[in-house]
2 protein chains.
Amino acid sequence: MSTTSRQRIVTATIELLRRQGYGATSVKAIAAAAHAPMGSLYHYFPEGKRQIAAEALRSAGAVYIHLLPLLMDPHDDLPAAVAAFFQAAADDIEHTGWANMCPVGTVAAEIADTEPGLREVAAEVVELWMGAGTRYMMGRTFAGGRLADARARELVQALLGALEGAFVLARTMRSAEPLLAAGRALMPYAATLVTPTPAGRSTSEQA
Amino acid sequence: MSTTSRQRIVTATIELLRRQGYGATSVKAIAAAAHAPMGSLYHYFPEGKRQIAAEALRSAGAVYIHLLPLLMDPHDDLPAAVAAFFQAAADDIEHTGWANMCPVGTVAAEIADTEPGLREVAAEVVELWMGAGTRYMMGRTFAGGRLADARARELVQALLGALEGAFVLARTMRSAEPLLAAGRALMPYAATLVTPTPAGRSTSEQA
């Protein structure tokens, strides 16, 4: 029961941050959205709004970490996997009526200069994404071979940056065009990254 | 004198939005930062904070529209121009101590779901950038020829999206790496866009 109540506060905070950002979200609004008394909020999060927001970013981040493998696994060809990743993002954002797909990115952008502790939490989440994405890219084969090791992290950074920026443009312009442009623009690069697997090296040795 | 006072309010608002976002910025804080009495603020902007913020986004947007030509003009080679664009962004953001380079993008991301009027202003600004960038790309020659017409807007969308997203990641992680990765990732795509100028067609006919 107490876990449920704590989780309800975190979930409500994710939704408020997603919709209206950090500055416009009060502890009172979080309590109301979570149907939790203020005493309960301060019981679980004695440091208040900053602490709840930090937990919300970590919690949202832990879900998103599975998206890259989920969307890319069905595709043998790396450029096709990149295109599918952005196509899925375009479909999702359009179907939700241009909702904010990544509160981690937007809250980080809003508070990077004013909330150093929360910025560090956002940086931790992004670093987790980068690490997991890099390991995924290095741990699988693609049509034509595998990813050249040194480029896996660069690819994940480019994918994540392009996704975050295209989300902002798509929400602003109410158009999926920026997401589709991002996917098409990264395909020629993706095609340069796959090199034939050297003979005698197994998947487990390279991973 | 009155123009100066109005411009001081707008400039102060751009800086507050850049640093702390829309939700955390009050009319009172704008008045204090602009050294303007509240009466003066409401004289120039009777609709208050939304109206001042709209003017701030338009004003910031009008400056940034010149950046793409400024940074790309020295480069004959389109992939090299793309790399130089992101290298300059990386240098700038690092030298300012990871300041927010684009209040239009961050404010748009923060308010897209809650302030429809302000979102429309941000969309106008982004559309102006896209139009000016597309015309620039179509209006000049690069080493090897010109840009295939239909791809100019797609390129500008990809550049702008990658830039906005990499800015967010760079500020969050305090690292220029995402901007440099974005530049490198867009170079192979840029190399596919330039096609030989057809004989007998002049620059003015194509522009």
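Residues numbered from 1 in each chain as written. Chains lettered and ligands numbered in written order. Predicted model: local features only at pLDDT ≥ 70, side-chain atom pairs only at ≥ 80, totals over all residues.

Colleague: Help me understand helix α6 (residues 78-95) of chain A in this model?
Modeller: For an α-helix the count is 3.6 residues per turn, leaving residues at separations of three or four pointing the same way. Residues and elements named next belong to chain A. Its 18 residues give α6 an end-to-end C-alpha distance of 26 Å, which sits within 8% of 26 Å, the value for a rise of 1.5 Å per residue. Of the residues making up α6, those classed as buried are Leu 78, Pro 79, Ala 81, Val 82, Phe 85, Phe 86, Ala 89, Ala 90 and Ile 93. Turning to α6, the residues buried within the fold contact α5 (67-72), α9 (149-173), α10 (177-193) and β2 (194-195). Of the residues trailing α6, Gly 97 is marked for its positive phi of about 70°. (Helix = DSSP H or I, 4+ residues; strand = E, 2+ residues; numbered from the N terminus. Expected span 1.5 Å × (residues − 1). Buried ≥ 20, exposed ≤ 12 C-beta atoms within 10 Å, placed from the backbone. Contact = placed C-beta atoms within 7 Å.)

Colleague: Help me understand the relation of the copies chain B and chain A in this model?
Modeller: For the pair of chain copies, the relating operation is a rotation around an axis with a shift along it. Screw-axis analysis of chain B against chain A gives a translation of 0.0 Å along the axis, an RMSD of 0.0 Å, and a rotation angle of 180°. This pairing of chains is accounted for by a two-fold axis. Considering only C-alpha atoms, the residue of chain B closest to the rotation axis is Gly165(B), which sits at 1.8 Å. Same-surface contact between copies: 100% of interface residues of chain B are shared with the interface of chain A. (Least-squares fit on C-alpha atoms with pLDDT ≥ 70 in both.)

Colleague: Would you mind showing me how to read the packing of helix α6 (residues 78-95) of chain B against helix α10 (residues 177-193) of chain B here?
Modeller: Think of two packed helices as two axes; the pair is described by the angle between the axes and how far apart they sit. Residues and elements named next belong to chain B. Close contact between α6 and α10 brings their axes to 7 Å; oriented N to C, the two are set at 165°. By the angle between their directions, the pair α6 and α10 is classed as roughly antiparallel. Of the two possible hands of crossing, α6 and α10 adopt the one that is right-handed. Residue-level inspection shows Leu 78, Pro 79, Val 82, Ala 83, Phe 85, Phe 86, Gln 87, Ala 89, Ala 90 and Ile 93 of α6 in contact with α10, the latter providing Leu 179, Leu 180, Ala 182, Gly 183, Leu 186, Met 187, Ala 190, Ala 191 and Leu 193. Each residue belonging to the contact of α6 with α10 can be placed in one class, and the counts come to 17 nonpolar, two polar and no charged. (Axes fitted to C-alpha atoms, helices over the stretch in contact; angles between N-to-C directions. Parallel < 35°, antiparallel > 145°, perpendicular 65-115°, else oblique. Left-handed = near helix turned anticlockwise from the far one by under 90°. Nonpolar A, V, L, I, M, F, W, Y, C, P; charged D, E, K, R; others polar.)

Colleague: Help me understand the domain arrangement of chain A in this model?
Modeller: Often the size quoted for an interface is simply the accessible area lost on bringing the parts together. All names here are of chain A. For chain A, the assigned domains read domain 1 (3-57) and domain 2 (65-196). Taking only C-alpha atoms into account, the centre of domain 1 sits 27 Å from that of domain 2. Facing 11 residues of domain 1, the contacting portion of domain 2 comprises 13 residues. A per-class count over the side of domain 1 that touches domain 2 returns six nonpolar, two polar and three charged. (Domains from an automatic or database assignment.)

Colleague: How should the interface of chain B and chain A be read in this particular structure?
Modeller: At the interface, 45 residues of chain B touch 46 residues of chain A. By residue number, the principal contributor to the side of chain B that touches chain A is helix α9 (residues 149-173) of chain B, which donates 15 residues. Residue composition of the side of chain B that touches chain A, grouped by class: 24 nonpolar, 12 polar and nine charged.

Colleague: Would you mind showing me how to read the packing of helix α8 (residues 116-139) of chain B against α9(B) here?
Modeller: Residue and element names in this part refer to chain B. Their axes nearest at 9 Å, the elements α8 and α9 cross at an angle of 130°. Classed by the angle they form, the pair α8 and α9 counts as oblique. In terms of crossing hand, the pair formed by α8 and α9 is right-handed. Contacts between α8 and α9 involve Trp 129, Met 130, Gly 133, Thr 134, Met 137 and Met 138 from the first element and Asp 149, Ala 152, Arg 153, Leu 155, Val 156, Gln 157 and Leu 160 from the second. Of the residues belonging to the contact of α8 with α9, the class tally is eight nonpolar, three polar and two charged.

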